[in-house]
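Summary of structural features
Residue strings, one per chain:
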Amino acid sequence: MKQPNYYSSQGFDRLDRYRDDPEWLQAMLNAENSRLLPVWRNKHLVNRQQRPVSFPGNRDAGLLALDGELVLLGSDPDGIVWLALDISHLEQPTALLPDREEQSFQDLRVVGPLLDRHSGALLAHARAMTYWHRHHRFCGVCGSATASTRAGHMRICGNPACGHPHHPRTDPAVIMLVHDGDYCLLGRQPSWPPGMHSTLAGFVEPGESLEDAVAREVSEEAGIRVTEIRYHSSQPWPFPSSIMLGFYARAATTAIQVDGLELESAGWFHRDQLLNSPENEQFHLPRRDSISWRLIETWMRGEHCG
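Notes on the structure follow. Source: prediction; values computed, not measured.

**Notes on the side chain of serine 242**
As for its placement among the helices and strands, serine 242 is situated in strand β14 (residues 242-251). Serine 242 sits in the buried class, given a relative accessible area of 10%. Residues contacting serine 242, with those up to four places away along its chain left out, are Thr170, Asp171, Phe203, Gln235, Pro236 and Trp237.

As structure tokens, this is what we get:
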């Protein structure tokens, strides 16, 4: 079996069976084996060593009194029950937390590559859920305010005439390494850090299969037709709410014509060139916690599908 990608939560029990049991949830908030993860405006509390800071549920340091959005995440293989608490409504949250040396709220995109896989998966889950809550305060059917239920895994419209339930959503996106012999296709978006090149990617549109999306995105962005589209693996990517579906595809044509919108440039790169990448501001590969790096690394070693 392939090793799971970063931010995957294998071995994590999401405890769906307890989401409709408020008494169980209240008891868990007072239990020795529960932990609270504060989240503030998509950022996580970390210490000087960039390790996540959490609080025991039965000694929550006043977090629950801050009137944040509470979300049951689940339990890990050690039996610890994890909950996220979104305190984004506060202007200066660190002033209300226990005085600990050099703790601050940091973006997962910054600290993610420094975390172990367990911590990364927890923070990614917490970020995705709290982001969804903050962006679904109102009903998409009638516009009335919604309220959280099912331990943070559903929001219900407060209008009695509507009462529509809203569930967390994940946006599917395909990400693909196109190859042609010892060469692969990498592109660059204008918003990326200087020198960064990566695989092509794009969101799946209504009415198309994943394979359709791969072919369409490569054609639209780089003018390349592909064949032999094969699935590799997937990765939760809560920036803000995607699931990345990784593929390999063989090039049927090689003439590049970038769209100038999604990509500012693209090119064919030899395997040896990537194996000896300078990793500087002139040229470097994507971050090591991303599925794009996983696809490139696997291809460089000659272990990809096809």
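**Details of the sheet that holds strand β8 (residues 154-157)**
Reading across the sheet, the three strands line up as β7-β8-β9 and stay open at both edges, with antiparallel pairing between neighbours. Across the chains shown, the open sheet's two edge strands, defined by having one partner strand only, are β7 (146-149) and β9 (165-166).

**Concerning helix α4 (residues 210-222)**
The first and last C-alpha atoms of α4 sit 18 Å apart over 13 residues, in line with the 18 Å expected at 1.5 Å per residue. For α4, every residue scored as buried is listed here: Ala213, Val214, Arg216, Glu217, Val218, Glu221 and Ala222. Looking at the residues trailing α4, positive phi occurs at glycine 223, about 70°.

**Thoughts on the state of the cysteines**
All chains considered together, the criterion is met by zero disulfides. The structure places no disulfide on cysteine 142, whose sulfur is separated from the nearest cysteine sulfur, that of cysteine 157, by 3.4 Å. According to the relative accessible area criterion, cysteine 142 is partly exposed, its value standing at 37%.

**A look at the environment of serine 104**
Position of serine 104 relative to the elements: it lies in strand β6 (residues 104-107). Judged by relative accessible area, which is 26%, serine 104 ranks as partly exposed. In contact with serine 104, other than residues within four places in its own chain, are His44, Leu45 and Val46.

**Let's talk about the pairing of β14**
Burial within β14 is extensive, with eight of its 10 residues counted as buried. Pairing of strand β10 (residues 171-180) with β14 involves nine bridges; the strand directions are parallel. Pairing of proline 172 across the sheet is with isoleucine 243, part of β14. Taken together, strand β13 (residues 226-237) and the strand that follows it, β14, pair antiparallel across an intervening segment of four residues.

**Overview of the layout of surface pockets**
Rolled over the atoms, a probe as big as a water molecule pinpoints where empty space is left. Empty space within the largest pocket amounts to approximately 690 Å³. Contributing to the lining of the largest pocket are 26 residues, with Gln189, Trp192, Ala201, Trp237 and Met244 lying nearest its centre. Listing elements by their share of the lining of the largest pocket, those giving two or more residues are β10, β12 (200-203), β13, β14 and α6 (291-300). The leading source of residues in the lining of the largest pocket is β12, at four residues. Taken together, the residues that form the lining of the largest pocket break down as 14 nonpolar, eight polar and four charged. Looking at the second largest pocket, its volume works out to about 370 Å³. Around the second largest pocket sit 20 residues that line it, and Arg14, His125, Ala128, Thr170 and Pro236 are the ones nearest its centre. With six residues, helix α3 (residues 117-134) is the single largest residue contributor to the lining of the second largest pocket.

Cut-offs used in this document
Residues numbered from 1 in each chain as written. Predicted model: local features only at pLDDT ≥ 70, side-chain atom pairs only at ≥ 80, totals over all residues. Heavy atoms only, no water. Helix = DSSP H or I, 4+ residues; strand = E, 2+ residues; numbered from the N terminus. Buried < 20%, exposed > 50% of the residue type's maximum accessible area, 1.4 Å probe, protein only. Contact = heavy atoms within 4.5 Å. Pairing = 2+ DSSP bridges. Expected span 1.5 Å × (residues − 1). Disulfide = S-S within 2.5 Å. 1 Å grid on protein atoms, 1.4 Å probe; cavity = no way out; pocket = protein on both sides within 12 Å on 5 of 7 lines; lining within 4 Å. Points joined across faces, edges and corners; volume = space filled by probe spheres on them. Nonpolar A, V, L, I, M, F, W, Y, C, P; charged D, E, K, R; others polar.

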